[in-house]
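# Topology and contacts: notes
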Amino acid sequence: MCSNDASHVVVQWAIWMTGNIAVPLTPLHPADMIKYFIMDSGSSLIICSEQFEKVIQPVAKELSKPLLITTQAKDQEKDVQNKTDLLSDVGHSNKWYGGTEAMLIYTSGTTSKPKGVVWTHSMLSAQIAALHAAWRYCAADVVLHTLPLHHIHGQLNSLNASLAAGARIRMLPSFVSHAVWSRLLGADKEDRVSVFHGVPAMYARLLADYDNMFQDPKTAEYVRTTLSSRMRLMCAGSAPLPETLFKKWEEISGIRLLERYGMSEVGMALSNPYRPAEARTVSCVGLPLPAVAARVAAVGTLRPLVSVEADAPDMQISLEKLGLTSTKDLEEDGQQNSKVTEHEPSDDGSYEGELLLKGPAVFTRYWNRAPNLNSPDFTPDGWFRTGDTASFSDGKFKILGRTSVDIIKSGGYKVSALQVESALLEHPSIQDAAVLGIEDDSYGEIVASVVVLKENTKLTLRELNDEAGKKLAPYQLPKTMLVVDVMPRNAMGKLDKKLIKKQFGDKLVLKKA
Ligand code: MLC
Ligand code: AMP
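My aim in this report is to walk through the structure given alongside it, one point at a time.

Glancing now at the site of ligand 2. Every one of the 16 residues lining ligand 2 counts as a neighbour, but R260, S264, D388, R402 and K409 are closest to it. Contact distances for ligand 2 include 3.2 Å between a nitrogen atom and a backbone N or O atom of S238. K414 places a side-chain nitrogen or oxygen 3.0 Å from an oxygen atom of ligand 2. When ligand 2 is considered free in solution it has 500 Å² of accessible area, and contact with the protein chains removes 94% of it. Elements supplying a minimum of two residues to the shell around ligand 2: strand 9 (258–263) and strand 17 (396–402).

Structure, rendered in structure tokens:
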């Protein structure tokens with residue numbers, strides 16, 4: 001658990017160089033969840049920066065795990081200088097790294113407990129090579145990093161792929177809209193940002209602040225000229241990018257956001273083209289990234305309908321590719337060739353069904369869970385079932401939604417409705433609870449709750465969240481609560497989420513301040 005700064009990078013590399021597996025943690029999680037991650041992963045050592053000592057110390061004590069607090073870099077500098085001869089002994093061969101586990105990324109599923117996605121070093125290399133080829137990362141990039149590091153979006157797209165290109169990274173401790181604006185527009189030549197990766201909720205915040213701060217036409221013109229001349233790449237993903245955001249961002253900045261689709265289990269899988277920017281299509285996620293194969297399969301039977309396979313990228317990292325020699329034109333497009341196989345004829349060439357993925361960056365197992373061939377997450381012939389419904393038409397993929405209503409995406413965070421329900425049910429006043437996602441302009445979706453109270457009890461949302469906050473992160477807590485007398489259940493006694501949403505949906509909307 002390190003701050004969003006160089007300490008995270010140093011600790012992560014120290015873990016890798018000593019042949020260990022990193023499990024990035026966030027202080028956003030309550031102690032109970034942190035304990036779960038440490039125990040589930042079987043971590044042998046807890047490392048934190050000084051800032052989080054108070055949070056982690058009691059956890060380490062309770063679990064009887066050793067705790068290492070990163071000390072001031074200054075103190076260590078002298079030490080390292082005296083021991084440079086020892087440094088050559090650190091680290092393993094490239095061959096060793098290959099299939100070895102590098103990190104666990106915990107993600108929520110349709111069960112009530114998060115699962116650790118096992119990322120190997122070779123999955124990381126495959127992803128980094130794919131992103132470099134597709135989006136032209138280079139050493140001249142200056143990346144403004146504001147994403148959390150316990151998820152793949154921040155870990156990979158923003159941090160590790162940029163570092164592997166020799167880019168410079170400016171890290172903010174967290175996303176704060178006005179701080180991001182000030183970095184994007186900053187006058188300091190050394191600090192001129194050229195790349196930004198964000199979730200749609202971040203662009204929504206930036207646009208809300210834009211409306212408050214940059215109304216004056218001269219300022220608006222300055223913002224547009226500055227962004228369009230400086231920014232090489234602005235990406236959006238982790239949740240659907242609404243058309244209004246895409247268009248408004250283009251209007252104020254002249255930049256067409258590059259929307260891509262990914263998942264903790266596969267990294268980045270589908271992407272709009274880098275070049276030409278005009279070919280980036282709103283509400284679409286483009287084509288498979290290098291080495292990724294994507295398939296649309298019939299819902300239920302998983303009969304293959306259409307498969308699209310992209311060529312593998314060149315895995316070699318070279319000075320030339322990173323723009324450190326003058327022999328290669330970095331403006332060259334990052335387009336990939338992909339092969340389309342229609343398994344079944346379709347009159348209009350369009351297909352709809354569950355999205356399946358395959359490729360060298362697709363994970364093979366969750367930590368502590370059955371390997372892929374025995375798991376319902378994979379088809380018998382090895383395709384990963386994403387649980388997303390997608391369409392393929394006009395040579396592009398589109399994400400239509402989740403197949404399970406129990407997965408909510410709020411501000412780019414995946415939230416399991418079942419995990420939230422089981423935390424709410426622990427409240428002494430709650431008799432029954434249903435959790436669902438309700439559309440929201442700022443977060444995409446918000447977590448909403450419908451509850452039945454025990455006899456003679458009263459409950460406010462704040463009281464509910466004070467208790468549930470001991471088990472859940474702030475972004476998992478319900479933003480709205482409706483008390484009802486009877487919870488709609490189907491004939492099998494299961495929560496009828498469709499009916500609950502239909503009956504109560506309009507009462508669960510977040511009221512704007
Ligand atoms: C914060 N809050 C949220 C929230 N984030 N509530 C719902 N959903 C969220 N995502 C809560 C806070 O706890 C707080 O509650 C209130 O909302 C306002 O807080 P804030 O400080 O204004 O919010 P902020 O901290 O700025 O967070 C907004 C955000 C953040 C968008 C910056 O949510 C964020 O960093 N999201 C990124 C998630 C991410 O990286 N996902 C990638 C997963 S990987 P209160 O009660 O205190 O007021 C993946 C694969 C892929 O999906 O394709 O990339
Ligand atoms: P996570 O499990 O947190 O990695 O989230 C992965 C999920 O985020 C995917 O299964 C999708 O549901 C969603 N997602 C990611 N990118 C997009 C996108 N561009 N459009 C729609 N949904 C997306």
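This structure, assessed with the given rule, holds 20 salt bridges. Across the pair R170 and D191 runs a salt bridge whose closest N-O atoms are separated by 2.2 Å. Of this pair, R170 sits in strand 6 (residues 168–171) while D191 sits in the loop between helix 9 (177–185) and strand 7 (195–198), and the two are 21 residues apart along the sequence. By relative accessible area, which is 21% here, R170 ends up partly exposed. A residue is classified by how much of its surface remains accessible, and D191, at 26% relative accessible area, is partly exposed.

Where helix 7 (residues 121–135) contacts helix 8 (residues 152–164), the axes come no closer than 10 Å and their chain directions differ by 85°. In this view, helix 7 runs roughly perpendicular relative to helix 8, as classed from their interaxial angle. On helix 8, the residues touching L124, Q127, I128, L131, H132 and W135 of helix 7 are L156, N157, N160, A161 and A164. Split by residue class, the contact of helix 7 with helix 8 holds seven nonpolar, four polar and no charged.

On to the sheet that holds strand 20 (residues 430–440). If you trace the three strands from one edge of the open sheet to the other, you get 20-21-22, paired in mixed fashion. With partners counted over all chains shown, the strands left at the sheet margins are strand 20 and strand 22 (480–483), one partner each. The average undirected angle you get between the axes of adjacent strands in this sheet is 25°. Sitting on the sheet, helix 13 (residues 417–424) touches strand 20 and strand 21 (444–453), and the angle it makes with strand 20 is about 145°. Taken strand by strand, helix 15 (residues 497–504) contacts strand 20, strand 21 and strand 22, and its axis lies near 70° from that of strand 20.

Rules used in this analysis
Residues numbered from 1 in each chain as written. Chains lettered and ligands numbered in written order. Predicted model: local features only at pLDDT ≥ 70, side-chain atom pairs only at ≥ 80, totals over all residues. Heavy atoms only, no water. Near = heavy atom within 4 Å. Polar contact = N/O pair within 3.5 Å; in protein donor to acceptor, adjacent residues only side chain to side chain. Areas by Shrake-Rupley, 256 points an atom, 1.4 Å probe, with all protein chains shown as cover. Helix = DSSP H or I, 4+ residues; strand = E, 2+ residues; numbered from the N terminus. Salt bridge = Lys/Arg side-chain N within 4 Å of Asp/Glu carboxyl O. Buried < 20%, exposed > 50% of the residue type's maximum accessible area, 1.4 Å probe, protein only. Axes fitted to C-alpha atoms, helices over the stretch in contact; angles between N-to-C directions. Parallel < 35°, antiparallel > 145°, perpendicular 65-115°, else oblique. Contact = heavy atoms within 4.5 Å. Nonpolar A, V, L, I, M, F, W, Y, C, P; charged D, E, K, R; others polar. Pairing = 2+ DSSP bridges.

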